[in-house]
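# Breakdown of the fold
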Amino acid sequence: MSPDDARHTVSAEGADPLLLAGINDANFVELQRALGVRVSQRGDALTMVGSVDQIARATPVIQGLIDLARSGTSVGPEDVFRFATEGLSPVELGNPTDTAKIILPGMRRSIQAKTPGQKEYLQLIHENEIVIGIGPAGTGKTYLAVAKAVEALARKKVRRIILARPAVEAGESLGFLPGDLQQKVDPYLRPLYDALEDMMPHEKVQKALDTRVIEIAPLAYMRGRTLNDAFIILDEAQNATGAQMKMFLTRLGLNSRVVVTGDKTQIDLPRREDSGLVQVERVLPGIDGIAFHYFTEADVVRHRLVREIVRAYAEDQAG
């Protein structure tokens, strides 16, 4: 400790120590890297050591992290970095009673919006029958939509969840692939399984799949159906054609919600203008009950390097 260093201690009583500090104190390490303040925890006391200015900048971040840990919200180093470098206190994202926080039955932790953009996205899903979320990788577009679907199912607001993706890499012509239908499409749908299993015990996910309470299927298999009492998500929508997108959106039945997610920088179709995601931007704005939400690099909540990668590619394309 330098002679010029100050010391400040705050109470972390009621905060889960692991949620607060992270694995191997990763959250505290990131805070030191970002703001220069050293953080240690002993019992319910959390101590910051650094210059007066460093402690002043770190205190609202620390207090916000303590509040989130008390509510059971998981926070990672990438969140700490964002809060520290953008001057945003975690408590500004909302309180436990608003739509920015999703509490799933049987889950020890909650799922919380980590950026103002994510908070707005969740609010739009709460208020509209159809929400179209567009933005780069790592912004939580699909993850938060799946969380809202699981919440709606748990609260009996819907009777089933339908998750769809275009299998564009296989041209939606899956017959030549080995195995039965499930084995053919699993590689394209795996990210949706991963999101579900992060929110529900594996055995519950499997039971829901077996009873078709949760259905995960290629987009092409949605044709001809009307989906009532369902929460329906179309992921990777930039790879749906215009005809497929129209078919999907018109599956909407009574007491159903639809969330469409996609990234216009990752269109794999032969012609960009064929993308249904690009088309709906022209066709659907202004319709009551349909909302568009645009994520930016500021909403990237994966590893901090993902944000830098997204920015670098955007600058390259702009240049």
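This text follows the structure it describes.
Residues numbered from 1 in each chain as written. Predicted model: local features only at pLDDT ≥ 70, side-chain atom pairs only at ≥ 80, totals over all residues. Heavy atoms only, no water.

## Structural notes on the packing of aromatic side chains
Per the stated rule, a full pass over the model turns up two aromatic pairs. Ring centres of Tyr 121 and Phe 295 lie 4.8 Å apart, and the angle between their planes is 70 degrees; this geometry places the pair in the edge-to-face category. Separated by 174 residues along the polypeptide, Tyr 121 in helix α5 (residues 116-127) and Phe 295 in the loop between β11 (290-294) and α11 (304-318) bring together distant segments of the chain. Grouping residues by exposure puts Tyr 121 and Phe 295 together as buried. (Phe/Tyr/Trp six-rings, centres within 6.5 Å; stacked < 30°, edge-to-face > 60°. Helix = DSSP H or I, 4+ residues; strand = E, 2+ residues; numbered from the N terminus. Buried < 20%, exposed > 50% of the residue type's maximum accessible area, 1.4 Å probe, protein only.)

## A few points about the environment of Val 260
Mapped onto the elements of the fold, Val 260 is located in strand β10 (residues 257-262). With a relative accessible area of 1%, Val 260 lands in the buried category. With 24 residues separating them along the chain, Val 260 and Glu 236 place their C-alpha atoms 8.2 Å apart. Setting aside residues up to four positions removed in sequence, Val 260 forms contacts with Val 131, Ile 132, Gly 133, Leu 234, Ala 237, Met 245, Phe 248, Leu 249 and Leu 277. (Contact = heavy atoms within 4.5 Å.)

## Some words on the nonpolar core
Ranked by size, the top nonpolar core spans 37 residues in total, and within it Leu 196, Ile 214 and Ile 216 carry the most contacts. Mapped by element, the contributors of at least two residues to this core are α5, α6 (141-154), β7 (160-165), α7 (181-197), α8 (202-210), β8 (214-218) and β9 (230-234). The biggest single contributor to this core is α6, with eight residues. Among residues more than four places away in sequence, those in contact with Ile 216 are Leu 163, Leu 189, Leu 192, Tyr 193, Leu 196 and Leu 209. (Core = buried A, V, L, I, M, F, W, Y, C linked by side-chain atoms within 4.5 Å.)

## Remarks on the environment of Val 306
One can find Val 306 in helix α11. When near neighbours in sequence (up to four residues on either side) are disregarded, Val 306 contacts Ala 137 and Val 300.

## As for α8
Among the residues making up α8, those that are buried are Val 205, Ala 208 and Leu 209. Along the axis of α8, the buried positions cluster into a sector of 100 degrees, meaning they face one direction only. Exposed and oriented more than 90 degrees from the buried face of α8 are Glu 203, Lys 204, Lys 207 and Asp 210. At the C-terminal side of α8, Arg 212 shows a positive phi close to 65 degrees. (Arc of directions from axis to C-beta.)

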